[in-house]
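Geometric and topological summary
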Amino acid sequence: MAKKKTQIPKYGTITLKGIQYYRTRITDADGKELSLYAATCEELYEKQLEARKQVEEIIFHRQHPTVAEYGEKWLLMQSVHVRATTMTDYTSKVRRHIIKELGDMRMADVTLDDIQLALVPVSKKSASVYKSVVVLYKSIFRAAKESRVIEKNPTVYLTSKGGGVPQKEKEALTDEQAARLLDAIQGLPPYVFVMLGLYAGLRREEILALQWDSVYLDVGCPYLTVRRAWHTENNRPVILDELKTKAAHRNIPLPVCLADCLKETKANSQSEYVVPNR
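Residues numbered from 1 in each chain as written. Predicted model: local features only at pLDDT ≥ 70, side-chain atom pairs only at ≥ 80, totals over all residues. Heavy atoms only, no water.

1. Here's the deal with the sheet that holds strand E8 (residues 250–253)
- The 3 strands are arranged E4-E5-E8 in an open sheet whose pairing can be described as antiparallel. Edge positions in the sheet fall to strand E4 (215–216) and E8, since each has one partner strand and no second.
- Alignment of E4 against strand E5 (residues 223–226), held across 2 bridges, turns out to be antiparallel. Considered in E5, the bridge of Tyr216 is made with Tyr223. (Pairing = 2+ DSSP bridges. Helix = DSSP H or I, 4+ residues; strand = E, 2+ residues; numbered from the N terminus.)

Given below as structure tokens:
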């Protein structure tokens, strides 16, 4: 049976720099008109078919994204309103534990079983990591549901309970151990750092960001205010005035031993930081 001959459409022509071309227009994936040119009708027809195919593929991927495509889109959306350190953590976990496991699947095809199987390797990590990955799964698929990318959210019944390796309880130093530690580092650079950790309960990033303008020693009840935090961006130290939560911003009364230590340190300090890096 003879193969049916393809009917080539009749295209309009246009002259550019003295040369005649055939021209047609198609609508791209964003709804904009795109002009196509060719020297012959046959060549233009092939270009038109290829362009339409590409437009259909783009539209299909937008309407039916893979986990990798939507996961990267979700990360981009989060970058607008989360801190750089938080964004780094999100990106690492989404790419390592979500995209790596389910990246090639269409969002609409993912089931709860798929996610639970993908979480098996994560269950061998700490309970905190497991919980945070579960939260990311739920956030990504909830956003997809709200944006009508998927009809059903497979993470509705997903839970982090019992997942991951429980963290071993840490025992606080006894008074005797704390005294021995301070005796061992008396007069050394870490002394003030350790004193702030022991007697003010500050975290490392709070100690490193503490400046003298937040330490009030010449008042009836000496205290310090936590209003800054230290972290790194691209391996460079950065001090942030914006803390993770409202509760992180707090006033801490100073016991006599810590107040005396800070008074002596301030009298000999030439830095705006309580614990300078040099």
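Next comes the rest of the write-up.
2. Some points on the packing of helix H7 (residues 190–199) against helix H9 (residues 256–267)
- Two elements in contact, H7 and H9, have axes whose closest approach is 10 Å; the angle formed by their N-to-C orientations is 155°. Taken as axis vectors, H7 and H9 run roughly antiparallel relative to one another. Between H7 and H9 lies a crossing of left-handed hand. Taking contact as the criterion, the partners of Tyr191, Val192, Met195, Leu196 and Tyr199 in H7 are, on H9, Cys257, Leu258, Cys261, Leu262 and Thr265.
- Grouping the constituent residues of the contact of H7 with H9 by class yields 9 nonpolar, 1 polar and no charged. (Axes fitted to C-alpha atoms, helices over the stretch in contact; angles between N-to-C directions. Parallel < 35°, antiparallel > 145°, perpendicular 65-115°, else oblique. Left-handed = near helix turned anticlockwise from the far one by under 90°. Contact = heavy atoms within 4.5 Å. Nonpolar A, V, L, I, M, F, W, Y, C, P; charged D, E, K, R; others polar.)

3. Re the pattern of salt bridges
- Tallying each qualifying case throughout the model produces 7 salt bridges.
- As a salt-bridge pair, Lys93 and Asp89 come within 3.3 Å of each other at their nearest N and O atoms. Note that Lys93 and Asp89 are positioned in helix H3 (residues 84–102) at a spacing of 4 residues, about one turn of the helix.
- A relative accessible area of 14% places Lys93 in the buried class.
- Judged by relative accessible area, which is 32%, Asp89 ranks as partly exposed.
- Measuring nitrogen to oxygen at the nearest pair gives 2.9 Å for the salt bridge that ties Glu206 to Arg203.
- On the accessibility criterion, Glu206 (6% relative accessible area) is buried. (Salt bridge = Lys/Arg side-chain N within 4 Å of Asp/Glu carboxyl O. Buried < 20%, exposed > 50% of the residue type's maximum accessible area, 1.4 Å probe, protein only.)

4. Brief notes about the nonpolar core
- Counting 28 residues, the largest nonpolar core has Leu119 and Tyr137 as the members making the most contacts within it.
- Every element with two or more residues in this core is listed here: helix H2 (67–78), H3, helix H4 (112–118) and helix H5 (127–146).
- With 27 residues, the next largest nonpolar core counts Val194, Leu210, Val215 and Ala259 among its residues. (Core = buried A, V, L, I, M, F, W, Y, C linked by side-chain atoms within 4.5 Å.)

5. Regarding the state of the cysteines
- Per the counting criterion, the structure on display carries 0 disulfides.
- Residue Cys257 stays outside any disulfide, its sulfur separated by 8.2 Å from that of Cys261, the closest cysteine. (Disulfide = S-S within 2.5 Å.)

6. Focus on the sheet that holds strand E1 (residues 12–16)
- Strands sit in the order E1-E2-E3 across an open sheet of 3 strands; the sheet is antiparallel. Looking at which strands have only one partner, the edges of the open sheet turn out to be E1 and strand E3 (33–38). Neighbour to neighbour, the strand axes of the sheet diverge by 45° on average, direction disregarded.
- By the bridge criterion, 6 bridges tie strand E2 (residues 19–27) to E3 in an arrangement that is antiparallel. In the sheet register, Arg25 faces E3, and the bridge partner there is Ser35.

7. Some thoughts on the pairing of E1
- Note: E1 against E2, 5 bridges, orientation antiparallel. Within E2, the residue paired with Leu16 across the bridge is Ile19.
- Between E1 and E2, which pair antiparallel and follow one another directly, the connecting turn spans 2 residues, one of which, Lys17, has a positive phi of 55°.

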